[in-house]
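As a plain string of letters, each chain reads:
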Amino acid sequence: MLQPQPKRKRAFTKRSRTGCRTCRIRHVKCDETPGACRNCSSNGWTCEGYEVNRLPRRTEVHHSSSDESSFRSITPPLATGFRWATTADEKRCVNFFLYRTIPGITSFYDSSLWQKLILQMSCTEPAVYHAVVALSAINQHLERDGIPIPGSNAESTWYRFALEQSMRSFGLLNKRHILKDPQLREVLLVCCLLFIMLELVCGHYDDATVHLRSGLAILKEMKIQRHRLGASLVPVEESLLEAFLHLEAQATHHGVMRDGLRLDNQLILENQYELCLYEFKNLHDAQQAFNPLMNTVFPFLERCWSRPEAEIMANYGTLHAKQQRLFSCVNQYGTFLYRFRERQYHRLNAKQQRAADMIRLNHMTLDLNLKTCLYTRGCPEPVWFIDDYKDLMAESLAVMERFKERPLMTIDAVITPALFTVGARCPDYSLRYEAVDALRAWPRCEGYLNSLLIADLVEEGMRAELRHLWSEIQTGVRSTPPGLYFEEQKDGGVVVRVGVKGSPMARYLALTPNAMLRTALMSVQSSPYWTCVRATGLLPATGKGLSQKKFLEIYDYE
């Protein structure tokens, strides 16, 4: 009787992870000859060289709640849509981009830019593909380690892999530039946007601004204009234009580009904005009418907040006229938004309702900032504004509660500007501390606004104000306001208690400047000219290694 033969065990060999890119794609053994492997040479293949960095194996990664193993494989249209060979690491990143990065970026509002244009272009444009892989790799790294602040060491396998993918994208763009490709402009704009997002979430603000200026220069070269309803007059994706305009508005508080588009200033300030207002039929209508308003108010607030008090008073007439014009536009928009919410809110799904709430939160933020932007230290805000700050704080917390999974990064700035408004300008220090706590509980990057960095800057701004107040109290110029208690320490330092002693809501703040924050900011050349940094007095008015004359050649403050 024949005995069953034991199953033969397959010999196990450890697969090399250092072979050339071409052999790995073809799933053949590479001899790893420097320069170009013999395997490629003998078969007539083009050896694409060796990738220095590989992603860690899944078994080496400590998974978060967003476990990679739970992701579905790439959908068939996307999987078969690539016109070039791809590696396993790249496919892994594309998969993450599809099921994690895009849903996160569009968690505030739906966007055809991310959900259609960039997704489609990543299948047809190799430069966009590698930029997408780079952003996805950074996204995976930061989901595990958190959003960094400037100056922190972001070096990791993921970061080095992303850098290598970015260089591949740059190389492909340079080749297309030589060929004078008619589709190059749109490809460049999409890659610029992906690079901006990548640099911002890594805390590289100067590099992000370089990419932003490049994108704005391309749009300016295309002679972009607005229709009265917000659409562009040239064949460029409308949502792509809106993304650049929104980032340009945010960047005004981080250094204003001299050659920016500023399409919306003319629309708003020359009494054409009323033509954009009509009964909103859907969320898209409400957003399209709000975008030009927000993109104009942001730069105006920067001008009011960053100028010395004497300059504000000298130009008060001009600033007040612009303030009233913008305030009128905000009020007119508010009327149409209120009507839309009354008629349509109950018909929206859960995500659309959350988006409508965020539009209202943005509107409340602009409204309160415009009311208070011309108040200075010599003429502080009246206490009756405290109720407005309380309403804004309550609305911010309510919107935050509606996010089960909070986005790591978005282009739209909504939550952080609202909390910054309360934390930086409210007359009630207890409420300001509540805003700081909320910012730290929302560790996210909304365009240029890193909530953790903003929390540190708001707290440093409070220190600067309280040091000034303490000096006035000591000289008898002012008395101690209610709710604040200054305590001198044995080492000569001063600690301020905000709230009732022993209460769980009481906060203690040492008035010594935050040296670690100063060091972090010094790693960014433009940081001394950021609006919130200028308010703290933490840095001198020149960047590290960047003279004021040279800085003003790059950044415009008029």
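These numbers were taken from a predicted model, which means no experiment stands behind them.

**Student:** Report on the packing of aromatic side chains, specifying residues and quantitative values.
**Tutor:** Applying the stated criterion across every chain, the model contains 15 aromatic pairs. Ring geometry for Tyr 205 and Tyr 448: centres 6.3 Å apart, planes at 35°, overall tilted. One end of the pair, Tyr 205, is in helix H9 (residues 205-221); the other, Tyr 448, is in the loop between strand S2 (445-446) and strand S3 (449-450), and 243 residues separate them in sequence. Taken as a pair, Tyr 205 and Tyr 448 share a single burial class, namely buried. With 5.8 Å between their ring centres and 85° between their planes, Tyr 278 and Phe 280 make a pair best called edge-to-face.

**Student:** Help me get a handle on the side chain of Thr 410, residues and values and all.
**Tutor:** Within the secondary structure, Thr 410 sits in strand S1 (residues 409-410). Those residues in contact with Thr 410, other than ones at most four positions away along the chain, are Gly 104, Ile 105, Ser 107, Phe 108, Met 197, Cys 445, Glu 446 and Gly 447.

**Student:** Account for the side chain of Thr 536, with residues named and values stated.
**Tutor:** For Thr 536, the position within the fold is in helix H21 (residues 531-536). Classification of Thr 536 by relative accessible area gives buried; the value is 5%. Thr 536 has contacts with Leu 457, Glu 460, Gly 461, Ala 464 and Arg 467, leaving out every residue within four places of it along the chain.

**Student:** Before we move on, could you go through the sheet that holds S3 and cite the residues and values that matter?
**Tutor:** Strand order in the open sheet made by the 3 strands is S1-S2-S3, with mixed pairing throughout. Sheet topology places S1 and S3 at the edges, where each strand pairs with a single neighbour. Of the strand pairs in this sheet, S2 and S3 are connected by 2 bridges, and their pairing is antiparallel. Paired with Glu 446 across the two strands is Leu 449, which belongs to S3.

**Student:** Can you lay out the nonpolar core for me, pointing to particular residues and giving the numbers?
**Tutor:** Ranked by size, the top nonpolar core spans 161 residues in total, and within it Trp 114, Leu 193, Phe 244, Tyr 333 and Phe 486 carry the most contacts. When residues in this core are grouped by element, the largest group, 14 residues, is from helix H8 (residues 184-201). When residues no more than four places from it in sequence are discounted, the contact partners of Trp 114 are Phe 97, Ile 102, Ile 105, Thr 106, Leu 119, Leu 135, Leu 193, Leu 194, Met 197 and Ile 411. Within the second largest apolar cluster, 6 residues are counted, among which are Cys 20, Cys 30, Cys 37 and Cys 40.

**Student:** Requested: an account of helix H12 (residues 283-306), with residues and values cited.
**Tutor:** Between the first and last C-alpha of H12 there are 34 Å, a value that for 24 residues agrees with the 34 Å anticipated at 1.5 Å per step. In H12, a bend of some 30° at Phe 290 exceeds every other bend along the element, and Pro 292, a proline, comes one to four places later. Burial runs high along H12: 21 of the 24 residues are buried. A side-chain oxygen of the first residue of H12 lies 3.2 Å from the backbone nitrogen of His 284; this N-cap is Asn 282.

**Student:** Tell me about the environment of Ala 355, and please be specific about residues and values.
**Tutor:** Relative to the helices and strands, Ala 355 is located in helix H15 (residues 350-372). You can call Ala 355 buried: its relative accessible area is 5%. Spatially, the C-alpha atoms of Ala 355 and Gln 287 are 9.7 Å apart, while their sequence positions differ by 68 residues. Among residues more than four places away in sequence, those in contact with Ala 355 are Phe 108, Tyr 109 and Leu 283.

**Student:** I'd like a description of the sheet that holds strand S6 (residues 507-510), backed by residues and values.
**Tutor:** By way of backbone hydrogen bonds, the strands of a sheet pair with one another, either parallel or antiparallel. Pairing in this open sheet of 3 strands is antiparallel, and the strands run S4-S5-S6 from one edge to the other. Since the sheet does not close on itself, it has two edges, and those belong to strand S4 (484-488) and S6, each with one partner. Averaged over all pairs of adjacent strands, the angle between strand axes in this sheet comes to 25°, irrespective of strand direction. Sheet topology note: the strand S5 (residues 494-498)/S6 ladder contains 4 bridges and is antiparallel. Counterpart to Val 496 in the pairing with S6 is Leu 509. The strands touched by helix H18 (residues 429-440) within the sheet are S4, S5 and S6, with S6 carrying the most contacts at an inclination of about 85°. Sheet strands in contact with helix H19 (residues 451-474) are S4, S5 and S6, and its direction is about 75° off that of S4.

Cut-offs and rules
- Residues numbered from 1 in each chain as written.
- Predicted model: local features only at pLDDT ≥ 70, side-chain atom pairs only at ≥ 80, totals over all residues.
- Heavy atoms only, no water.
- Phe/Tyr/Trp six-rings, centres within 6.5 Å; stacked < 30°, edge-to-face > 60°.
- Helix = DSSP H or I, 4+ residues; strand = E, 2+ residues; numbered from the N terminus.
- Buried < 20%, exposed > 50% of the residue type's maximum accessible area, 1.4 Å probe, protein only.
- Contact = heavy atoms within 4.5 Å.
- Pairing = 2+ DSSP bridges.
- Core = buried A, V, L, I, M, F, W, Y, C linked by side-chain atoms within 4.5 Å.
- Expected span 1.5 Å × (residues − 1).
- Bend = angle between axes of the 7 residues up to and from the residue.
- Polar contact = N/O pair within 3.5 Å; in protein donor to acceptor, adjacent residues only side chain to side chain.
- Axes fitted to C-alpha atoms, helices over the stretch in contact; angles between N-to-C directions.

Scope: geometric values only; no functional claims are made or implied.
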